[in-house]
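Observations on chain architecture
The primary structure of each chain is shown beneath.
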Protein chains: 2
Amino acid sequence: MKTPKAIENLINSFEKLPGMGHKSAQRLTFYLLHVPQTQLDSFAESLKNLKTKTLFCSNCMMIDETDPCSICSDSSRDQNIICVVEDPVDVLALEKGGTYKGLYHVLHGKIDPLNNIGPDEIYLEQLFQRVKGEGVRVKEIILATNPTMEGEATAMYIAKQLKAINPELKITRIGRGLPIGADIEYADDMTLKNAMEGRSEI
Amino acid sequence: MKTPKAIENLINSFEKLPGMGHKSAQRLTFYLLHVPQTQLDSFAESLKNLKTKTLFCSNCMMIDETDPCSICSDSSRDQNIICVVEDPVDVLALEKGGTYKGLYHVLHGKIDPLNNIGPDEIYLEQLFQRVKGEGVRVKEIILATNPTMEGEATAMYIAKQLKAINPELKITRIGRGLPIGADIEYADDMTLKNAMEGRSEI
């Protein structure tokens, strides 16, 4: 028996998603056969609208409904400080925390030579333009790329470039150390080293 | 910052899928932002067509493009033997093996009292009708529900009912034992018990 075309098409679509194998795609597809048509239609609608109803903020590269985005156009936020992150989800995570009140800059990736992603493949030039730009004076850049090998290298590269543009700019790296709930016994060497170096007086 | 509506809608749609948490739904949604619009459109199209372009086979309850399905209408297959399975994916798995040449009956579930699924909630009555029906004489029923507690109970229930309908009907249960590649050392007691009981001469 051949799998019906309509089922095969959906399995193929699911399989294109990251981390989704053939079996999982099949499982989801057959699950959806038992779901009301209205739910399928609204799922389809959300997929179609995902990119058509969202905009890139031309200032910080965040994704939002407006350009400039709601963060860049919020005058109550500190316009002198920019937090540089890898992905839009990082902005959402930091905003959920609610402690940071400055602006953002989304790189949409990280420098990753093994995957052929160099400085020109991510939104770095736009960050440099923002620092160079007239008008609002940027005073601090927080480098909040992930504490992975690529994230660290990206942070290093950005810091070096920014220093060349403006030697007086304050450039900081997001704090690294033990996360809440962690166990020193099971922490890796790099995390412990970072925790030691990043210790603070109490 | 509020998550844009278009993004939130898609996250919600993904979250309704089984085994999908909020973080995974978010990850998939933000991944899809980097995908061409044509891929999103074809994904949406497959979702819309999933149920509209497939049919329930009124004979075996399998899902296919035609009714009766390609298996039921294939006269080269043995019409005297019916293999009872829980889900359509089980048919695909057995068909991939290619050794079985009879018909199927898809229950679309299993008797599962803890989840309020009784015999009337799955396609059991249709199976009994096929056995009772005039014309083609069913000679054997293979009970191929999963070897889980619910699957075993469902098989027991069906066997009892079928015997009441036709005491001469041959009713078999799919073979249970150690799967290829397994390790006796790590097998559970039930599997070992089944393997012992299901031993065959060589």
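Use the structure listed above.
Presented here is a report on the structure given in the accompanying data block. Since we're looking at a predicted model, the values are computed, not measured. (Residues numbered from 1 in each chain as written. Chains lettered and ligands numbered in written order. Predicted model: local features only at pLDDT ≥ 70, side-chain atom pairs only at ≥ 80, totals over all residues.)

**Here's the deal with the sheet that holds strand 5 (residues 140-143) of chain B**
All names here are of chain B.
- A sheet is described by the order of its strands in space; here four strands give the open sequence 4-3-5-6, paired in parallel fashion. Strands at the two margins of the open sheet, each flanked by one partner only, are strand 4 (103-106) and strand 6 (170-173). Recorded for the sheet is a direction-independent mean angle of 25° between the axes of neighbouring strands.
- Strand direction decides the pairing type here: strand 5 and strand 6, joined by four bridges, are parallel. When the bridges of strand 6 are listed, Ile 141 appears paired with Ile 171. (Pairing = 2+ DSSP bridges. Helix = DSSP H or I, 4+ residues; strand = E, 2+ residues; numbered from the N terminus. Axes fitted to C-alpha atoms, helices over the stretch in contact; angles between N-to-C directions.)

**Some thoughts on helix 3 (residues 37-52) of chain A**
- Along its 16 residues, helix 3 of chain A runs 23 Å from first to last C-alpha, staying within 8% of the 22 Å computed at 1.5 Å per residue.
- Considered for burial, the residues of helix 3 of chain A that qualify are Leu 40, Phe 43, Ala 44, Ser 46, Leu 47 and Leu 50 of chain A. What you see down the axis of helix 3 of chain A is that its buried residues fit within an arc of 155°, all on one side. Residues Gln 37, Thr 38 and Thr 52 of chain A are exposed on helix 3 of chain A and point more than 90 degrees away from its buried face.
- Against helix 2 (22-32) of chain A together with helix 1 (5-15), helix 2 (22-32) and helix 3 (37-52) of chain B lie the buried residues of helix 3 of chain A. (Expected span 1.5 Å × (residues − 1). Buried ≥ 20, exposed ≤ 12 C-beta atoms within 10 Å, placed from the backbone. Arc of directions from axis to C-beta. Contact = placed C-beta atoms within 7 Å.)

**Thoughts on the environment of Glu 8 of chain B**
Residue and element names in this part refer to chain B.
- Within the element layout of this structure, Glu 8 appears in helix 1.
- For Glu 8, a count of 14 C-beta atoms within 10 Å corresponds to the partly exposed category.
- For the pair Glu 8 and Thr 29, spaced 21 residues apart in the sequence, the C-alpha separation amounts to 8.7 Å.

**Quick notes on the nonpolar core**
- The biggest cluster of nonpolar side chains holds 27 residues, and the ones touching the most others in it are Cys 60, Met 62, Ile 82, Val 84, Val 85, Tyr 104 and Val 106 of chain A.
- Elements that contribute at least two residues to this core include exactly strand 3 (78-85), strand 4 (102-106), strand 5 (140-143) and helix 6 (149-165) of chain A.
- In terms of residue count, strand 3 of chain A provides more of this core than any other element does, four residues in total.
- Among residues more than four places away in sequence, those in contact with Val 84 of chain A are His 105, Leu 107, Leu 127, Ile 141, Ile 142, Leu 143, Ala 144, Thr 145 and Ile 158 of chain A.
- Counting 26 residues, the second largest nonpolar core, distinct from the first, contains Met 61, Ile 63, Leu 103 and Leu 143 of chain B. (Core = buried A, V, L, I, M, F, W, Y, C linked by C-beta atoms within 7 Å.)

What is shown is where atoms sit, not what they do.
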